[in-house]
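Inside the fold
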Amino acid sequence: MIFDAIVVGLGAVGSATLYQLSNQTSNVLGIDQFDPPHTLGSTHSDSRITRQAIGEGAYFVPLALRSYEIWQELEQRSGEQLFTVTGGLFVGKEHSTMQTHNKPGWLTTTIQAAEQFGIAHQLLDVATLRQRFPQFRFLDSDVGYFEEMAGFLQPEKCVSVQLAQARQNGAALRINERMLSFETVGEYIRVQTDQAMYRTRKLILTTGSWLTESLRNTPYRDLLKVYRQVQYWFDIQDDYEPYTPGHMPVYILSDRDVYGFPAIGGAGGGIKMATEQYVHSTTPDDVTREVSQTEIKQMYEQYVAPNFVGIGPTCIKSAVCLYTMTPNGDFIIDQHPVYSNVLLASACSGHGFKHSAAVGQILAELALHGQTNFDIRPFQLL
Ligand SMILES: Cc1cc2nc3c(=O)[nH]c(=O)nc-3n(C[C@H](O)[C@H](O)[C@H](O)COP(=O)(O)OP(=O)(O)OC[C@H]3O[C@@H](n4cnc5c(N)ncnc54)[C@H](O)[C@@H]3O)c2cc1C
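What counts, and where the lines are drawn
Residues numbered from 1 in each chain as written. Predicted model: local features only at pLDDT ≥ 70, side-chain atom pairs only at ≥ 80, totals over all residues. Heavy atoms only, no water. Salt bridge = Lys/Arg side-chain N within 4 Å of Asp/Glu carboxyl O. Buried < 20%, exposed > 50% of the residue type's maximum accessible area, 1.4 Å probe, protein only. Helix = DSSP H or I, 4+ residues; strand = E, 2+ residues; numbered from the N terminus. Expected span 1.5 Å × (residues − 1). 1 Å grid on protein atoms, 1.4 Å probe; cavity = no way out; pocket = protein on both sides within 12 Å on 5 of 7 lines; lining within 4 Å. Points joined across faces, edges and corners; volume = space filled by probe spheres on them. Domains from an automatic or database assignment. Contact = heavy atoms within 4.5 Å. Buried area = accessible area lost by both parts, 1.4 Å probe. Polar contact = N/O pair within 3.5 Å; in protein donor to acceptor, adjacent residues only side chain to side chain. Nonpolar A, V, L, I, M, F, W, Y, C, P; charged D, E, K, R; others polar.

1. What about the pattern of salt bridges?
All chains considered together, the criterion is met by 12 salt bridges. Put simply, E56 and R51 hold a salt bridge, and the shortest N to O gap is 3.0 Å. Assessed through its relative accessible area of 2%, E56 is described here as buried. Looking at R51, the relative accessible area reads 2%, which means it is buried. The partner of R190 in a salt bridge is E183, and the shortest N-O contact between them spans 2.7 Å.

Here it is, written out as structure tokens:
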């Protein structure tokens, strides 16, 4: 038997790809070394920000907008809520050149992208920020961009729903099975796992932080860098209600390098927030999964206390997660540099979840039809 396509790696991007493929053919197989959703890659911990005006580059906007449509379609098909609209508050200095996800001038690009694509938003001065969002400590130099349709997605549910839909469409799934190698044999690819051998016309590698393994024997072996990131849930000391969706939006304080979510874990569940680090790179096998008391204290003193009102120093829980960065913070969606019938997508430089549904569609179109109407030139390897 020869599959039309095999997807290796069933996290955010792979589950989306398998779902999209299975809408067109049931002769597809998804393989993962673990049992997704799991906590060892880049797609866990309850929530991911989604927004439409993309400060990482206006060329991402069509991906975000298409993903919004797909999340909605998946909610209707499954009856599960995947997306919560909270509004998104993005704050920094006017014309700031600070980087977010390796992209300088992120807030300015966000505002320009909103204007270019007609995305509903408000620009807020600091007096309005202080009046509308008393949960934050703003600086006199702050300006705010508020996007009405921003919110958060639930990553684990998105993965589960897409895999369940793919299975319902007839796709085969192999979990807890690791791809060891692949090779071209005539017209098809032979994929060797630790349990079996499969044949396929197209192979799609959506292996997240493990993608470096598949680029090892190519000129791109050092292209991707994996960075350990920590997400923290701090204790709400004040009344819980003002920190919940409906009162508090998702937010990025871009000049202060902190982002987060309203509280969704119930009173006592804490409120999730994080910063980013690009100093120490690692690998998914070597990364330290524990979070130290020193890290927690530093996060509180440097990022929480100066920027928030009513959040205490007790860390209720924390989680380690992996960013896989390209040098310029873009994605890779392309053919493998050596094998023309192998496609790959990188784990998307710390901002990929919101786009993953559309990236799945693109990969499925490329695999089955050899083309897509999305402009993927910014995401080419070469
Ligand atoms: C802390 C943190 C916060 C983030 N916040 C946001 C946010 O707010 N908004 C946003 O849009 N994005 C955000 N992102 C980015 C987003 O979550 C990632 O871009 C996305 O989840 C990456 O998904 P992936 O499918 O590429 O990788 P993964 O979900 O890690 O999936 C890769 C899969 O491949 C499997 N695999 C690997 N090798 C093999 C093999 N040899 N054989 C079989 N299976 C294999 C793995 O087991 C894994 O399941 C964040 C990321 C992190 C880490």
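From this point, the narrative continues.
2. Describing helix α5 (residues 155-168)
In this model, α5 (14 residues) spans 20 Å end to end at C-alpha, consistent with the 20 Å of a helix rising 1.5 Å per residue. By the burial criterion, the buried members of α5 are P155, C158, V159, V161, Q162, L163, Q165 and A166. One or two residues past the end of α5 sits G170, with phi positive at roughly 105°.

3. Comments concerning the layout of surface pockets
Volume-wise, the second largest pocket comes out at about 400 Å³. As for the second largest pocket, its lining consists of 16 residues, and the residues nearest its centre are R228, V230, Y232, Q277 and E295. Among the elements of the structure, β15 (225-236) and α7 (293-304) are those that each provide at least two residues to the lining of the second largest pocket. It is α7 that contributes the most residues to the lining of the second largest pocket, five residues altogether.

4. Some words on the domain arrangement of the protein
On domain assignment, one finds that the protein holds domain 1 (3-44 + 156-223 + 328-379) and domain 2 (48-153 + 225-325). When each unit is reduced to the centre of its C-alpha atoms, the spacing between domain 1 and domain 2 is 27 Å. Opposite the 42 residues of domain 1 that make contact, domain 2 presents 38 residues. Note on domain 1 versus domain 2: buried area summed over both sides is about 3400 Å², and carbon and sulfur give 60% of it. At the boundary of domain 1 with domain 2, the tally comes to one salt bridge. Here K157 makes a salt bridge to E80, at a shortest N to O gap of 3.6 Å. Counting every contact that joins domain 1 to domain 2 gives 19 residue pairs in polar contact (both at pLDDT 80 or more). Listing elements by their share of the side of domain 1 that touches domain 2, those giving two or more residues are α1 (12-22), α5 and α8 (356-369). It is α8 that provides the largest number of residues to the side of domain 1 that touches domain 2, a total of six residues. The residue makeup of the side of domain 1 that touches domain 2, split by class, is 17 nonpolar, 20 polar and five charged.

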